[in-house]
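Spelled out, the chains give:
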Amino acid sequence: MWSGRPNGRLVAEVVALTPGRALDVGSGEGADAIWLAQLGWTVTAIDISEVAMRRARETPHPAGVSVEWICGDVLQTPLPAGSFDLMSMQYPALPKAAGDAAVRRLLETVRPGGLLLAVYHDLDEEHREHMKSRGVDPADYVDADDLGRLLGDDFTVELHTVEPRIDPPPGTPHIADIVLRARRR
């Protein structure tokens, strides 16, 4: 179970935007999606975990807040092209094995003028080795550089940098994030 608080980088990057339609990729238990909906966004939240989706649906939401919860693999779930003003990917786990075409289809769901915000842990070698020892190789997943390459000419990258983590959970070893913010042309 997570804190129920939205990710700090999402809050910092999105709070001043005019609400529209948002896609929360890898939404987990839904704190980001609920926060976006409270701001007036029409939110679709997708996560592959049935447990996370059940918890998200069962979490008491403030009055008037509605989120479309989808349990599924975002790289295999059909989503309409050009339909989101914001795509939020907070610490996504997109497997490279799904292929570049699947990630590009996902990126196509951002409408012209829409914003992609992807935030990744800035992993050092020690943490990468720790993850490998637990059976997860970060090299098997699309990272910020991979995603930046897949944006191609369809997006203008506004920010691609390492930033201090905002409001990290207590005891987290991650003190910095890689932030990729891009606007669809």
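First things first, this report covers the structure right here in the doc. (Residues numbered from 1 in each chain as written. Predicted model: local features only at pLDDT ≥ 70, side-chain atom pairs only at ≥ 80, totals over all residues. Heavy atoms only, no water.)

Topic: the overall build of the protein chain
If you tally the helices and strands in the protein chain, you get 6 helices and 7 strands. From first element to last, N terminus to C terminus, the protein chain shows the α and β order α-β-α-β-α-β-β-α-β-α-α-β-β. In terms of overall size, the protein chain behaves like a compact globule, its C-alpha atoms giving a radius of gyration of 16 Å where 185 residues would be expected to give roughly 16 Å. Seen through its C-alpha atoms, the protein chain measures out along the principal axes to roughly 45 × 40 × 30 Å. (Helix = DSSP H or I, 4+ residues; strand = E, 2+ residues; numbered from the N terminus. Rg over C-alpha atoms; globule rule 2.2 N^0.38 Å.)

As for the packing of helix 4 (residues 100-107) against helix 6 (residues 144-151)
The N-to-C vectors of helix 4 and helix 6 enclose an angle of 70°; their axes lie 10 Å apart at closest approach. Here helix 4 is positioned roughly perpendicular relative to helix 6, judged by the angle of their axes. Here Asp100, Val103, Arg104 and Leu107 of helix 4 come into contact with helix 6, specifically with Leu147, Arg149, Leu150 and Leu151. (Axes fitted to C-alpha atoms, helices over the stretch in contact; angles between N-to-C directions. Parallel < 35°, antiparallel > 145°, perpendicular 65-115°, else oblique. Contact = heavy atoms within 4.5 Å.)

Thoughts on the side chain of aspartate 32
Within the secondary structure layout, aspartate 32 lies in helix 2 (residues 31-38). We note that aspartate 32 is buried and unpaired, the nearest opposite charge coming from arginine 165 at a distance of 9.3 Å. Other than its neighbours up to four places away in sequence, aspartate 32 contacts Arg5, Pro6, Asn7, Leu10, Asp24 and Gln90. (Buried < 20%, exposed > 50% of the residue type's maximum accessible area, 1.4 Å probe, protein only. Lys, Arg positive; Asp, Glu negative; His and termini not counted. Salt bridge = Lys/Arg side-chain N within 4 Å of Asp/Glu carboxyl O.)

What to know about the side chain of glutamine 90
Relative to the helices and strands, glutamine 90 resides in strand 4 (residues 84-90). Of the polar contacts made by the side chain of glutamine 90, one reaches the side chain of serine 88; its length is 3.2 Å. With sequence-adjacent residues up to four places away left out, glutamine 90 is seen in contact with Asn7, Arg9, Leu10, Val25, Asp32, Leu117 and Val119. (Polar contact = N/O pair within 3.5 Å; in protein donor to acceptor, adjacent residues only side chain to side chain.)

Overview of the sheet that holds strand 5 (residues 110-121)
Here 7 strands make up an open sheet; going across it, the order is 3-2-1-4-5-7-6 and the pairing mixed. The outermost strands of the open sheet, each flanked by one partner alone, are strand 3 (67-71) and strand 6 (155-164). Strand-to-strand twist in this sheet, taken as the mean axis angle between neighbours without regard to direction, amounts to 15°. Helix-sheet contacts for helix 3 (residues 50-58) involve strand 2 (42-47) and strand 3, and the interaxial angle to strand 3 is about 160°. Contacting strand 4, strand 5, strand 6 and strand 7 (176-184), helix 6 crosses the sheet at an angle of about 10° to strand 7. (Pairing = 2+ DSSP bridges.)

A word on the nonpolar core
Counting 28 residues, the largest nonpolar core has Met89, Leu106 and Leu147 as its most contacted members. Looking at this core, the elements with two or more residues in it are strand 1 (21-25), strand 4, helix 4, strand 5, helix 6 and strand 7. In this structure methionine 89 touches Val25, Leu94, Leu106, Leu116, Leu117, Ala118, Val119 and Leu147, once residues within four positions along its chain are discounted. Listed in part, the 22 residues of the second largest apolar core include Ala33, Ala56, Trp69 and Leu115. (Core = buried A, V, L, I, M, F, W, Y, C linked by side-chain atoms within 4.5 Å.)

Here's the deal with the pattern of salt bridges
Tallying each qualifying case throughout the model produces 12 salt bridges. With a closest N to O distance of 2.9 Å, arginine 55 and glutamate 29 form a salt bridge. With arginine 55 in helix 3 and glutamate 29 in the loop between strand 1 and helix 2, this residue pair connects regions lying 26 residues apart in the sequence. Of the residues examined, arginine 55 reaches a relative accessible area of 28% and is grouped as partly exposed. Linking aspartate 100 and arginine 149 is a salt bridge whose minimum nitrogen-to-oxygen distance equals 3.5 Å. Separated by 49 residues along the polypeptide, aspartate 100 in helix 4 and arginine 149 in helix 6 bring together distant segments of the chain. Each of the salt bridges in this network shares a partner with another, and the network as a whole consists of Arg9, Glu13, Glu158, Arg181 and Arg183.

Some points on helix 2
The element helix 2 is extensively covered by neighbouring structure, given that 7 of its 8 residues are classed as buried. Burial in helix 2 covers these residues: Ala31, Asp32, Ala33, Ile34, Trp35, Leu36 and Ala37. Of the surrounding elements, those touching the buried residues of helix 2 are helix 1 (8-14), strand 1, strand 2, strand 3 and strand 4. Just downstream of helix 2 lies glycine 40, where phi reads positive at about 105°.

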